[in-house]
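# Inside the fold
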Amino acid sequence: MLSALASLALAGGASAQPFNSRITTPAGIVYPFGEPESTIAIAGTTDVPGEVEIRCYQGALLKSFRKVAEHVEVAGERFATEAPVSALGRAPCQLRAVPVKFLERPLPLGEETEFAGPLVVPSRFEAQSGSYFAAADTLASSFSFEAAGTFALESELFSPTAHEDMKLFFGDADLSARPFGRESARSGVQVDGVNAFLPTSAQKLESELKEEAKRDKEPFAPLGDMPSLTVTRSYDEATHTIAIHEEDPLVRCTPSDEYPARVKTCTGFVATGVSLMRTWQTTSEDRVAQLSDTWRSTDGLAHTVSVRYQNELTSASKEGAAYEFPEEAGFAPTHAGEAKTLPAAGVILYKSRLSEPEAGDGVAPQGAIVYAGAPSGPLQVLAGTAEPGELGQNQFELPYEETIPAGGTSPTVRMAFVQGFGLAEVRALTEEALASYLPGEPPTAPPTAPPEPAAQPLGPSSPQRARASSVGRIGSGEGHVTVELACAGAAGGSCDVEALLSTTEHIRDAHLVGVSAKTRSRALAVGAKAATIAAGHRLTIVLALDATGRALLRRFGELPVHLLVSSTSQGVKSTVIDRSLTVKPPPPRKRHRH
């Protein structure tokens with residue numbers, strides 16, 4: 001194939017020929033975390049003479065790449081360089097070493113070409129003026145986080161059907177009080193009945209008051225005692241999960257707490273004596289974002305806080321979306337002004353397209369918000385799915401009121417934000433979240449079948465030995481295996497279960513040539529998970545491949561695995577599941593970020 005590479009033909013008049021390269025460091029699928037000053041080492045081999053350019057290709061379009069390093073010297077058919085992780089951008093991409101000025105054709109993400117390299121799935125954290133931005137990415141989906149006084153949480157899922165990212169959460173757990181279509185009568189947080197502001201909300205208020213003064217041609221002085229948040233973060237490249245902890249001290253306006261504030265009523269800030277302690281944790285390949293909010297007394301006094309959690313979700317089509325609230329019969333549109341009374345601990349299910357079947361079509365996301373405790377008042381619909389906002393969002397508000405003892409902390413408000421393309425997957429993940437919120441309580445109804453009799457009852461004063469069993473379907477999905485288990489037995493008993501995925505490598509002449517699900521002494525563990533199930537309850541376990549499993553999956557296209565689930569109760573261990581499955585890979589991603 002003649003190409004622009006003709007200009008790079010070797011000396012001696014040789015005809016144009018395709019060149020080759022292979023990036024060997026890093027290898028497989030890598031999940032770097034971008035922070036200030038963080039770098040990534042890149043090295044490999046090539047027959048390109050002189051120098052190469054390192055690019056990360058994001059899609060199938062011509063020039064759909066980011067330049068990571070330019071003019072990298074080739075010596076002895078080898079090259080090596082170091083590049084900032086920030087150069088990789090925010091979207092999954094594939095590193096390739098190509099001839100300088102190579103523009104011959106697109107190199108789609110995940111496609112094997114003469115320029116070979118690893119898939120890179122970058123996440124990142126960056127401090128911003130008075131706030132922060134963090135993004136956690138996997139090949140399947142992503143979450144992004146900002147401070148509690150802004151949009152807080154947003155998410156996307158990659159659709160293998162539409163070949164693009166689909167938005168779902170679009171500003172959730174937001175405490176800034178900015179409802180659709182109406183003036184807010186109060187701030188997002190009140191402390192001891194007084195309107196209060198988180199650091200990012202205080203900054204925004206100062207900017208608004210400055211504009212008001214400019215419009216009215218009045219003098220304006222910066223507001224004194226502006227609060228500032230602190231944030232820490234950690235990232236696990238092995239599990240590609242992110243944890244974020246922020247502390248937001250709250251302030252109120254002086255000389256008045258009138259709302260909305262005016263230039264003459266808010267000339268500075270005064271501490272309220274309360275701080276928000278917020279933690280985010282991603283799990284399940286960015287299908288779940290767990291939220292924990294605790295309010296702390298910083299002045300040694302007792303306080304009360306009244307909070308309005310605003311949540312926005314997107315609609316996937318003009319027909320609108322639908323919710324299924326706890327204790328309601330099914331999915332239905334919502335309308336502005338509706339109020340919903342929620343029970344203690346529950347799940348709010350969501351379809352981004354009203355007519356979407358529960359199995360999904362791989363395009364319209366479905367999701368859920370799991371809450372650990374009942375709100376202090378009815379859920380208020382601010383913008384319904386029947387009349388979504390300009391960008392297709394709908395919005396509702398959850399009120400919580402908490403008491404903070406003198407010098408102490410309030411009870412923790414916990415929520416989980418779950419996303420997927422099918423409700424079966426979403427429901428399984430919500431059950432795990434509920435189980436973590438309510439230890440010893442059933443996340444779902446107990447199995448309808450009568451409990452199996454205990455194999456060997458213990459003494460009359462001891463609880464009956466429980467026994468785990470498989471209920472429902474055992475499924476292998478994109479990069480994971482799902483199994484539903486039940487623990488049968490008398491109240492007070494429990495089942496400790498362990499799930500293990502393994503595969504066997506086939507070696508020939510010291511080279512890995514294949515894998516199989518056969519169980520042998522050389523079987524390689526590629527995923528594991530442990531859990532405890534109370535007697536009479538059930539639990540869905542999502543068992544994801546570990547880094548070794550993901551690398552083998554990438555190499556062979558699919559991964560045969562052996563699933564072994566064992567149960568231990570009262571010191572007796574038994575096998576629950578012993579079978580072979582095949583795990584399929586997640587689809588290659590094409591991401592569009594703004």
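For the structure, see preceding data.
Figured I'd write up the structure that's included with this text. (Residues numbered from 1 in each chain as written. Predicted model: local features only at pLDDT ≥ 70, side-chain atom pairs only at ≥ 80, totals over all residues. Heavy atoms only, no water.)

This brings us to helix 3 (residues 547-556). What helix 3 keeps buried is the set Gly549, Arg550, Leu552 and Leu553. The arc enclosing the buried residues of helix 3, seen along the axis, measures out at 165°, which places them on a common side. Its side-chain oxygen placed 3.1 Å from the backbone nitrogen of Thr548, Asp546 serves as the N-cap of helix 3. Taken from the residues just after helix 3, Gly557 is the one with a positive phi, measuring 85°. (Buried < 20%, exposed > 50% of the residue type's maximum accessible area, 1.4 Å probe, protein only. Helix = DSSP H or I, 4+ residues; strand = E, 2+ residues; numbered from the N terminus. Arc of directions from axis to C-beta. Polar contact = N/O pair within 3.5 Å; in protein donor to acceptor, adjacent residues only side chain to side chain.)

This part takes up the side chain of Thr503. Here Thr503 lies in strand 33 (residues 494-508). Polar side-chain contacts of Thr503 include one of 3.0 Å to the backbone oxygen of Ser516. Every residue in contact with Thr503, bar those within four places of it in the chain, is listed here: Val515, Ser516, Ala523, Leu524, Val526, Leu552, Leu559 and Pro560. (Contact = heavy atoms within 4.5 Å.)

Glancing now at the pattern of salt bridges. This model, assessed by the stated rule, comprises 20 salt bridges. Across the pair Lys167 and Glu156 runs a salt bridge whose closest N-O atoms are separated by 3.1 Å. In this pair, Lys167 is assigned in strand 15 (residues 164-172) and Glu156 in strand 14 (residues 153-159), connecting sequence segments 11 residues apart. Given a relative accessible area of 34%, Lys167 falls into the partly exposed group. Judged by relative accessible area, Glu156 falls into the buried class, the value being 6%. Salt bridges here are not isolated pairs; linked through shared partners, they connect Glu53, Arg55, Lys67 and Glu70. (Salt bridge = Lys/Arg side-chain N within 4 Å of Asp/Glu carboxyl O.)

Looking now at the pairing of strand 13 (residues 141-145). Among the 5 residues of strand 13, 5 are classified as buried, and the element is accordingly described as predominantly covered. Burial of the side chains of strand 13 extends over both faces: Ser141, Phe143 and Phe145 are buried on one face and Ser142 and Ser144 on the other. For strand 12 (residues 131-137) and strand 13, the ladder comprises 4 bridges, and the chain directions are antiparallel. Note on strand 13: the bridge partner recorded for Ala136 is Phe143. Between strand 12 and strand 13, which pair antiparallel and follow one another directly, the connecting turn spans 3 residues. Strand direction decides the pairing type here: strand 13 and strand 14, joined by 5 bridges, are antiparallel. By the bridge assignment for strand 14, Phe145 is matched with Leu153. (Pairing = 2+ DSSP bridges.)

Our focus in this paragraph is the environment of Leu107. Residue placement: Leu107 occurs in the loop between strand 8 (93-99) and strand 9 (115-116). Of the residues examined, Leu107 reaches a relative accessible area of 0% and is grouped as buried. A C-alpha to C-alpha distance of 6.6 Å links Leu107 and Tyr57, two positions 50 residues apart in sequence. In this structure, Leu107 is in contact with Tyr57, Gly59, Arg96, Val98, Phe102, Thr113 and Phe115, ignoring residues within four places of it in sequence.

The next point concerns the environment of Glu154. Relative to the elements of secondary structure, Glu154 occurs in strand 14. A relative accessible area of 18% means that Glu154 is categorised as buried. Separated by 16 residues in the primary sequence, Glu154 and Phe170 place their C-alpha atoms 4.6 Å from one another. Not counting residues up to four positions away in its chain, the partners in contact with Glu154 are Ser142, Phe143, Ser144, Glu146, Phe169, Phe170 and Gly171.

Further remarks concern the side chain of Asn394. Positionally, Asn394 belongs in strand 28 (residues 393-404). Judged by relative accessible area, Asn394 falls into the buried class, the value being 0%. Here Tyr323 takes part through its side chain, which lies 2.5 Å from a polar atom of the side chain of Asn394. Leave out the neighbours within four places in its chain, and Asn394 touches Asn311, Glu312, Leu313, Ser315, Ala321, Tyr323, Tyr350, Ala383, Gly384 and Thr385.

Relative to the 24 Å expected for 17 residues at 1.5 Å per residue, helix 1 (residues 199-215) spans 25 Å between its end C-alpha atoms, a close match to the ideal helical length. Where helix 1 is concerned, the buried positions are Pro199, Thr200, Ser201, Ala202, Leu205, Leu209, Glu212 and Ala213. Summarising the contacts, the buried residues of helix 1 are in contact with strand 12, strand 19 (241-255) and strand 20 (266-283). Lys217, located one to two residues past helix 1, shows a positive phi value of around 55°. (Expected span 1.5 Å × (residues − 1).)

What follows is about unusual backbone geometry. Leaving glycine aside, a negative phi is the common case for residues, and trans is the common case for peptide bonds. Of the consecutive residues Thr25 and Pro26, the connecting peptide bond is found in the cis state with omega at 0°. Considering the arrangement of structural elements, one finds Pro26 in the loop between strand 1 (21-25) and strand 2 (29-30). Residue Pro255 is reached from Thr254 by a cis peptide bond, and omega for that bond is 15°. Mapped onto the fold, Pro255 is located in strand 19. Unlike most non-glycine residues, Glu327 shows phi in positive territory, near 70°. Relative to the elements of secondary structure, Glu327 occurs in the loop between strand 23 (322-324) and strand 24 (339-340). Phi is positive for Ala345, close to 55°, though the residue is something other than glycine.

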